[in-house]
Amino acid sequence: MSTPSTAGRPAPLLGAADIRALAADLGVRPTKTLGQNFVIDGNTIRRIVAAAQLGSEETVLEVGPGLGSLTLGLLDAAERVVAVEIDPVLAGKLPDTIARWRPERVAALDVVLADALRVTALPHEPTALVANLPYNVAVPVVLNLLGRFPSLRHGLVMVQDEVADRLAAPPGSRTYGIPSAKSAWYSSMTKAGVIGMNVFWPAPRIASGLVRFVRREPPTTRASREEVFAVVDAAFAQRRKTLRAALAGWAGSPVLAEQALRAAGVDPTARGEVLDIAAFARIAEARVHAPAEAQNDAGTD
Ligand code: SAM
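Model, not experiment: these values are computed from the prediction.

**Student:** Please give an account of the packing of helix α7 (residues 178-186) against helix α8 (residues 225-237) that cites residues and values.
**Tutor:** Here α7 crosses α8 at 160°, and the two axes come no closer than 10 Å. Overall, the two elements α7 and α8 adopt an arrangement that is roughly antiparallel. Remark: the crossing between α7 and α8 carries right-handed chirality. Along its contact with α7, which presents Ile178, Ala181, Lys182, Trp185 and Tyr186, the element α8 presents Arg225, Val228, Phe229, Val232, Asp233 and Phe236. In terms of residue class, the contact of α7 with α8 is made up of eight nonpolar, no polar and three charged.

**Student:** Kindly report on the site of the ligand, identifying the contributing residues and their values.
**Tutor:** Near the ligand, the surroundings consist of 22 residues, among which Val39, Gly64, Glu85, Asp115 and Asn132 are the closest. Here a nitrogen atom of the ligand and a side-chain polar atom of Asp115 are 2.8 Å apart. Burial of the ligand by the surrounding chains reaches 98%, relative to a free accessible area of 590 Å². Put simply, the ligand lies in the largest pocket. Breaking the shell around the ligand down by element, the ones donating at least two residues are β1 (38-39) and β3 (80-85). Residues belonging to the shell around the ligand are distributed by class as follows: eleven nonpolar, seven polar and four charged.

Conventions and cut-offs
Residues numbered from 1 in each chain as written. Predicted model: local features only at pLDDT ≥ 70, side-chain atom pairs only at ≥ 80, totals over all residues. Heavy atoms only, no water. Axes fitted to C-alpha atoms, helices over the stretch in contact; angles between N-to-C directions. Helix = DSSP H or I, 4+ residues; strand = E, 2+ residues; numbered from the N terminus. Parallel < 35°, antiparallel > 145°, perpendicular 65-115°, else oblique. Left-handed = near helix turned anticlockwise from the far one by under 90°. Contact = heavy atoms within 4.5 Å. Nonpolar A, V, L, I, M, F, W, Y, C, P; charged D, E, K, R; others polar. Near = heavy atom within 4 Å. Polar contact = N/O pair within 3.5 Å; in protein donor to acceptor, adjacent residues only side chain to side chain. Areas by Shrake-Rupley, 256 points an atom, 1.4 Å probe, with all protein chains shown as cover. 1 Å grid on protein atoms, 1.4 Å probe; cavity = no way out; pocket = protein on both sides within 12 Å on 5 of 7 lines; lining within 4 Å. Sits in = over half its atoms within 2 Å of the grid points.

Next comes the structure, spelled out in structure tokens:
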């Protein structure tokens, strides 16, 4: 590898030759299990960083920094980067890579060797999540981090294009489902572009999509997030059924399901795919927090 130089030019980013050389040095062979597709194109990194709309005072949480392609771009745009990586070889190498390519930014990076699905504490409170996510766990990672770190105000993630569509889907659309409804509890998500396959090594077989999100308040309700998410899960487990039928198991009977739906102002013959997260919250509240006598009065059928 040649030594990067910054004289008079934009800060250098990792290209295909750098990524391959780093991987060869480490003896790393990208694994599918960990969703290891590394970005080898500086323009794509610039595009992701620009789309993330970061303020210079922000602390960015990056999940899966890999060989450091995106980390370098993030260090140019934000005050700090906290990078959570599950692969010990990649996590171990990252500080060296940053020391070589951005020596002046070494102190702005924290590397946390951890599973993003389980991480509970970070060295700094992150304000933004920006990541090229491992595709097989992208949705649970996003939901877990939004739930776990309320300081995350906004973010931009790259996921499989199809998953990007699902995360950003509004109620009533063909792709609306569990990821759309649950992510809407925390944030408003919008699609921010499509990325082709050739900017990765190894190239995935499918296109990727960018999703931008901005945190918002969850619906006002006496039901907990877990109670609301249980209704979402039940409604979409049998998405072709009417809500009266789909929610019968969750409510205890079709009659109790109908009662909760009517109390929530929802048509019992509708399907889950037309409900926004506020409607799911009203259903949860109507059932879980209904007066005891109302629940006792309802028969089963
Ligand atoms: N950010 C790098 C890039 O854009 O080139 C790599 C992105 S690659 C799609 C996904 C990265 O996530 C890999 O480095 C992989 O080891 C890491 N990873 C996979 N599962 C993870 C998990 N559960 N927690 C944290 N990192 C994970």
